[in-house]
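The residues making up each chain are set out below.
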Amino acid sequence: MAFRPPAREGISPRKVMLTGIVPASPTYWAGEAGDSAFSPGTRLDPGTPLPGPTLAWYHPSVPREEPIPFDYRVVYEDGDLIVVDKPHFVPTTSNGRIVREALQTRLRVDFGEDEIVPLHRLDRLTAGLVLCSRNPRTRPCYQRLFQDRAVLKHYQARVAAPFSFDSTVRLGMRRVRGERKVRVDPSGTLTETRVRARGPLVDVWPLTGHTHQIRVVLNHLGHPIVGDDTYPIDRGLDLYDFSSPLQLAHVAMSFTDPISGHERAFKCVRGARF
């Protein structure tokens, strides 16, 4: 296995290409590269002249963060997987502004395991199930489930105006760099979403995995989700405004286990949210 320093406080190390001399800080370790003059894992002493570009690892300096006052709940765990019910407002992985309070970091610290990795994304504002890998040897098998769209994901949302609907919505979507909103665009990526509405409560099964897919679809149908800060109106980003949770949750998921061949199904432990 290629050398990589262990995580520190649940936060993964980063790679960088050094030139010139080794800086005084932070601490660097040689990475694995065929043309490196240093063996992988060698600590690079400050001031050491480098014969050429040198791949190195280091631990980033991550400042303390304002606590997000909501926590996950464990739904299931075994030697390969941890399934958690994520709360609103907690990002699944670091988004650059929230690192220590991200779900991945919290899990690594709480379980004392550096190898815990969420296998799929769940938006920061969306609550519900997240399937995580804790075993690097079996991780690729479970990652392929998501790549092959072999996981059935069930979401529930609450909309302000009750309506009746039961169909599969096919929409082209396009994300524009620098914009929070995802645009509906016939020339964009084709998405498919099964939607069944009965009054203000909507059951949704995304058959594809585009950013903000469910939020875009329900807004397109004229029924945006209660608490949505982006659709139809972008009200701006405030990472620490917890006053109006997005009424969207990933409530159930199922798949055929690639290791055992058994059917696996998980549901939220918090019961009805809306």
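Residues numbered from 1 in each chain as written. Predicted model: local features only at pLDDT ≥ 70, side-chain atom pairs only at ≥ 80, totals over all residues. Heavy atoms only, no water.

- Under the annotation held in an unreviewed UniProt entry, the chain carries the name RNA pseudouridylate synthase and is attributed to Corynebacterium minutissimum.
- The UniProt entry for the chain carries this comment under Catalytic activity (unreviewed entry): "a uridine in RNA = a pseudouridine in RNA". (UniProt positions renumbered as here; feature names shortened; annotations may be inferred.)

**Some thoughts on the environment of Pro 140**
Turning to step 1, where the next piece is worked out: For Pro 140, the location among the structural elements is in helix α2 (residues 139-147).
Turning to step 2, where the next piece is worked out: On a C-alpha basis, the gap between Pro 140 and Val 83 in space is 17 Å, while along the polypeptide they are 57 residues apart. (Helix = DSSP H or I, 4+ residues; strand = E, 2+ residues; numbered from the N terminus.)

**A closer look at the nonpolar core**
Turning to step 1, where the next piece is worked out: Core analysis: the largest hydrophobic core is formed by 35 residues, its most contacted members being Val 202 and Leu 218.
Turning to step 2, where the next piece is worked out: Among the elements of the structure, β6 (81-86), α1 (103-111), β8 (127-133), β9 (152-175), β11 (189-206) and α3 (213-220) are those that each provide at least two residues to this core.
Turning to step 3, where the next piece is worked out: For this core, the leading source of residues is β9, giving seven residues.
Turning to step 4, where the next piece is worked out: Here Val 202 is in contact with Tyr 155, Gln 156, Ala 157, Val 159, Phe 163, Val 195, Arg 196, Ala 197 and Leu 218, once residues within four sequence places are set aside.
Turning to step 5, where the next piece is worked out: Ranked by size, the runner-up nonpolar core spans 17 residues in total, among them Leu 145, Ala 249, Val 251 and Cys 268. (Core = buried A, V, L, I, M, F, W, Y, C linked by side-chain atoms within 4.5 Å. Buried < 20%, exposed > 50% of the residue type's maximum accessible area, 1.4 Å probe, protein only. Contact = heavy atoms within 4.5 Å.)

**A closer look at the packing of aromatic side chains**
Turning to step 1, where the next piece is worked out: By the definition in use, this model includes eight aromatic pairs.
Turning to step 2, where the next piece is worked out: Ring geometry for Phe 70 against Phe 242: centres 5.4 Å apart, planes inclined by 90°, an arrangement best described as edge-to-face. On the criterion of sequence distance, the pair formed by Phe 70 in the loop between β4 (54-58) and β5 (73-77) and Phe 242 in the loop between α3 and β12 (248-256) is long-range, its members being 172 residues apart.
Turning to step 3, where the next piece is worked out: Residue classification places Phe 70 among the partly exposed positions, given a relative accessible area of 30%.
Turning to step 4, where the next piece is worked out: Relative to Phe 266, the ring of Tyr 76 lies with its centre 5.3 Å away and its plane at 45°, an arrangement referred to as tilted. In this pair, Tyr 76 is assigned in strand β5 and Phe 266 in strand β13 (residues 263-267), connecting sequence segments 190 residues apart.
Turning to step 5, where the next piece is worked out: Overall, Tyr 76 belongs to the partly exposed group, its relative accessible area being 30%.
Turning to step 6, where the next piece is worked out: With relative accessibility at 7%, the residue Phe 266 sits in the buried group.
Turning to step 7, where the next piece is worked out: Here the aromatic cluster, defined as three or more aromatic residues joined through ring pairs, consists of Phe 70, Phe 89, Tyr 240 and Phe 242. (Phe/Tyr/Trp six-rings, centres within 6.5 Å; stacked < 30°, edge-to-face > 60°.)

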